[in-house]
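# Observations on the three-dimensional arrangement
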Amino acid sequence: MSDVIDGAVKALNEKMAGGGFSAGTAKFVINGEGAVVIDGEGARAGDDEADVTLSADRDVFEAILFGDMNATAAFMGGKLSVDGDMGMAMQLGAVLS
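First, a word on scope: everything that follows refers to the structure included in this document. The shown structure was predicted, so the numbers you read here are calculated from the model rather than taken from an experiment. (Residues numbered from 1 in each chain as written. Predicted model: local features only at pLDDT ≥ 70, side-chain atom pairs only at ≥ 80, totals over all residues. Heavy atoms only, no water.)

### Some points on the sheet that holds strand β4 (residues 52-56)
Ordered in space as β3-β2-β1-β4-β5, the five strands form an open sheet in which the pairing is mixed. Taken across any chain shown, the strands that pair with only one partner, and hence form the sheet edges, are β3 (42-45) and β5 (81-84). Ignoring strand direction, the axes of neighbouring strands in this sheet form an average angle of 20°. (Pairing = 2+ DSSP bridges. Helix = DSSP H or I, 4+ residues; strand = E, 2+ residues; numbered from the N terminus. Axes fitted to C-alpha atoms, helices over the stretch in contact; angles between N-to-C directions.)

### Examining the pairing of strand β2 (residues 34-39)
Counting buried positions along β2 gives five out of six residues, so the element sits mostly inside the fold. In terms of strand pairing, strand β1 (residues 26-30) meets β2 through five bridges, oriented antiparallel. What sits directly across from I30, in β2, is G34. Following β1, the chain reverses through three residues before pairing antiparallel with β2; G32 in that reversal takes a positive phi of roughly 80°. Here β2 pairs with β3 via four bridges, running antiparallel. When the bridges of β3 are listed, I38 appears paired with A43. Counting the residues in the hairpin turn of β2 and β3 gives two residues. (Buried < 20%, exposed > 50% of the residue type's maximum accessible area, 1.4 Å probe, protein only.)

Everything listed is a geometric property; what it means functionally is a separate question.
Written out as structure tokens, the structure reads:
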């Protein structure tokens, strides 16, 4: 597992205050690094099936995670792709902002 994925798991769990994402299961695919799954248990490294999958390059993912980029703007600008339940992706965006 990469240091990027380890850092993403830690940052996501801190951002969600140790709680999970109660709306379902979401997966962030960080191109070239791996994937992080978020569910009711919190964030963890993994490539499990999910209700929604969001894919982006490392710099875009980190900018969204640390509040330097709006997830909706990244999606509209073609920097973030979403596959699956768009409503769930929007709920996840609200949890992370």
